[in-house]
Structure formats: structure tokens, C-alpha cells
Amino acid sequence: MTTHAPQATQSVTLPASLDEAVAALGAMPAAVPVAGGTDLMSAVNKGLLRPSGLVGLGRISELRGWHYQDGHALLGAGLTHARMGRPDFAALIPALAASARAAGPPQIRNAGTLGGNIATAAPTGDALPVLAALEAELVIAGPGGARREIPVSHLLAGRDMLEPAELIGFVRVPLLHAPQVFLKATGRTGPGRATASVAVVLDPARRGVRCAVGAIAPMPLRPLEAERWIASLIDWDGERGLAPDALAAFGEYVAAACIPDQAPLADGGEAPPLPPAVLHLRRTVAALARRALGRALS
């Protein structure tokens, strides 16, 4: 959908329902859906995108709220970061609320949306590691009222992509009623793009720990072996506390899984050391994972 042709946007459609938006995209295959526009307009202003039409999603009220379904929250893709950061939402999904509050300055949080964060799939998207740790699913709206569901991780990994005239309608998130933590590191003080982020979610019903690391790879990374190992050390029927050395070992385990050592040389020589910047990033991930788990267990 990227073109260098110097043509201006020719049409703007403002549907009132999700199915109308899908129909509009079907009628204008070259049109681009837009909600908050925080990423889209940046691309337009830089000359990277010249859409021939826009389908505005701002008037679709069903995408701006949420409801409950079979132990899950069905979140509208049009929920803004500012709305998700409020206390009532934080009581439902604390880690997602924390990521929304960290998404950037007020003007970004007021405009940017959950669906946009997913569709853009930028590695630094703050909501993405949280959704990966929660094992959230997407409800995709297609032509003729069709709906299908795919894991968020499948879309981010490119295993299952949106078809023409499809839109992300909702995000299905399990309500675990258990501690969740999101932490991120930035290159400067205050709101900014993450250099690394970590989401940790406790799942007492399954006696599990879920962890996802964001911003260091094209998609969030799940250190599954580290999750299983630390879950086996937790007294799920007791106070759930862990010794500081166990927390530190978990952080190192996560960091090494997500930023592994370099492979040995082809001639059998020792593997070269990681560059200093990569070592610093690994230490950052270890610290974030250690602190996130510690806060969740406390």
C-alpha cells in the first residue's frame, strides 16, 4: 500500500458500523483504514504513504468499548490508550492498562488505539508484549458479516495475515483475576519508545507464569522454558514468594533466552563475545524480568 506516486487522498468514508467499514474497504481496495492516525499520518507526512482513500473508524461506537464473554473481555479495537489507562479498566487487565499509560505523551494516548497498535505491529508497540503474555486472540471482521479468530501472536509473526477488506474488530483477553505487571525501559527520561519491555502475567488456575519481552525483536518473544522453570518453584497454595536469587536467576534465564550468545565459529573456534550494546540490552531485559516477576508475586 506504499507508493511514491504524488497523488492526494481522493475520498474519505466515515462508516457507522464495523460491517459498513468492511464493505467500504471492499469497495475501495486501495483505501486505508484509519482510527487514531498516530502512525498513519506520520507516514503520510514523511511521504512514505499516499493513500487514494481513507476509511475512518472513529464513528463506530462498538469499537470504543468492551463487554464480557465466557470469562474473557472482548475489547473494541478502537479503545484508546487513554481509555485503557483509567482505573476501571486497570482493575480488569492491569498490565494492559500499565502499557497504555506508558504509550507516550498525552496527545498520543488520547488518539492512539489498541487495534492500531496491533495492526501497525511496530516492535516497540507497548501493548504487544502484554497481549502475547495474555495469549490474547483477535476477532477479525470480514465481508458479508464474517468473523474469524486468530491468536495475536500469529498475526505479529506473519503466520496468519489480514485478507483484503478485513479489519481487526475486537481483542479477546482472558480475565485471569491475578497479578500482572508491565515494565519498560526507554532511552530517555519520561515517555518514549521502549528499548526493551517485559510483561509478566500470573495464571494461578493453571499454576503458570507467562512472560513476553518486547522491543528487542520484530515481535514479542516468549521464553517458554524460563516460564515453566520458575512456575515449578512457586508455592501456588502458599504465599507465592520467591527468594531474591531465584528472581535474579529468572531474569538471567529470560534475557539469555531472548538474547542468546553468538554461535561458535565455523572452524570450531570459540564464539565471539556479544557487543557491549547487546550485553547492555541483555542486562536491561534481565532487570526488567526480575523486577516484573517480583512485583507480580508481591
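Every value quoted in this text rests on a predicted model; they were computed, and no experiment measured them.

Participant: Run through the overall build of the protein, naming residues and quoting values.
Facilitator: Helix and strand content of the protein: twelve helices and eleven strands. Taking 298 residues into account, the globule formula puts the C-alpha radius of gyration at 19 Å, and the protein, at 20 Å, falls close to it. Based on the C-alpha atoms only, the size of the protein along its principal axes is roughly 60 × 50 × 35 Å. Sorting the 298 residues of the protein into buried and exposed places 46% on the buried side. Looking at the protein alone, contacts between residues at least 24 apart form 59% of all its contacts between residues at least 6 apart. Surface summary for the protein: the accessible area is close to 14400 Å², and the carbon and sulfur share equals 55%. Counting 26 positive and 24 negative side-chain charges, the protein places the averaged centre of each group 9 Å from the other.

Participant: Go over the packing of aromatic side chains with me, naming the residues and quoting the values.
Facilitator: Within the structure shown, the criterion is met by two aromatic pairs. Ring centres 5.2 Å apart and planes at 80 degrees place the aromatic pair W66 and F89 in the edge-to-face group. With a gap of 23 residues between them, W66 in strand β4 (residues 66-69) and F89 in helix α4 (residues 87-90) connect regions that are remote in the sequence. When its relative accessible area of 22% is taken as the criterion, W66 is described as partly exposed. Plain terms: the ring middles of W229 and Y253 are 5.8 Å apart, the flat faces sit at 55 degrees to each other, and that makes the pair tilted.

Participant: An account of the domain arrangement of the protein is needed here, citing residue identities and associated values.
Facilitator: Its domain assignment divides the protein into domain 1 (11-54), domain 2 (64-174) and domain 3 (180-297). Each of domain 2 and domain 3 has a C-alpha centre, and the two are 23 Å apart. At the interface, 23 residues of domain 2 touch 21 residues of domain 3. Summing the contributions of domain 2 and of domain 3, the shared interface buries around 1700 Å²; its carbon and sulfur component is 64%. Considering only the surface of domain 2 that becomes buried against domain 3, T124, P129 and A133 emerge as the three largest contributors, covering 29% of it. Where R222 meets E135, a salt bridge forms, and the shortest distance between an N and an O atom there is 3.3 Å. Scanning the region where domain 2 abuts domain 3 turns up eight residue pairs in polar contact (both at pLDDT 80 or more).

Participant: Residues and numbers for helix α1 (residues 18-27), please.
Facilitator: Every buried residue of α1 is accounted for by L18, A21, V22, A24 and L25. Seen from one end, α1 has its buried residues packed into an arc of 160 degrees, which puts them on one side. Here the buried face of α1 lies against β1 (11-13), β2 (32-34), β3 (53-56), β6 (137-141), β7 (147-151) and β8 (167-174).

Participant: A description of the pairing of β3 should follow, citing residues and the corresponding values.
Facilitator: Every regular strand shows the same layout, with side chains that alternate between the two sheet faces. Residues of β3 alternate between two faces, with G53 and V55 on one and L54 and G56 on the opposite face, all of them buried. Note that β1 and β3 share three bridges and pair parallel. Its bridge partner lying in β3, V12 is registered against L54. As defined by bridge partners, β2 adjoins β3 across three bridges and the pair is classed as parallel. From the neighbouring strand, V32 faces β3, where its bridge partner is L54. Regarding the hand of the β-α-β motif, the stretch spanning β2, helix α2 (residues 40-45) and β3 is right-handed.

Participant: Explain the pattern of salt bridges residue by residue, including any values.
Facilitator: Between side chains of opposite charge, pairing is possible as soon as their charged atoms come close. Considering all chains together, one arrives at twelve salt bridges under this definition. Here D203 and R210 are joined by a salt bridge, their closest N and O atoms 2.6 Å apart. With a relative accessible area of 3%, D203 lands in the buried category. Classification of R210 as buried rests on a relative accessible area of 8%.

Criteria and thresholds
Residues numbered from 1 in each chain as written. Predicted model: local features only at pLDDT ≥ 70, side-chain atom pairs only at ≥ 80, totals over all residues. Heavy atoms only, no water. Helix = DSSP H or I, 4+ residues; strand = E, 2+ residues; numbered from the N terminus. Rg over C-alpha atoms; globule rule 2.2 N^0.38 Å. Buried < 20%, exposed > 50% of the residue type's maximum accessible area, 1.4 Å probe, protein only. Contact = heavy atoms within 4.5 Å. Areas by Shrake-Rupley, 256 points an atom, 1.4 Å probe, with all protein chains shown as cover. Lys, Arg positive; Asp, Glu negative; His and termini not counted. Charge placed at Lys NZ, Arg CZ, Asp CG, Glu CD. Phe/Tyr/Trp six-rings, centres within 6.5 Å; stacked < 30°, edge-to-face > 60°. Domains from an automatic or database assignment. Buried area = accessible area lost by both parts, 1.4 Å probe. Salt bridge = Lys/Arg side-chain N within 4 Å of Asp/Glu carboxyl O. Polar contact = N/O pair within 3.5 Å; in protein donor to acceptor, adjacent residues only side chain to side chain. Arc of directions from axis to C-beta. Pairing = 2+ DSSP bridges. Right-handed = clockwise from strand over helix to strand, strands pointing away.

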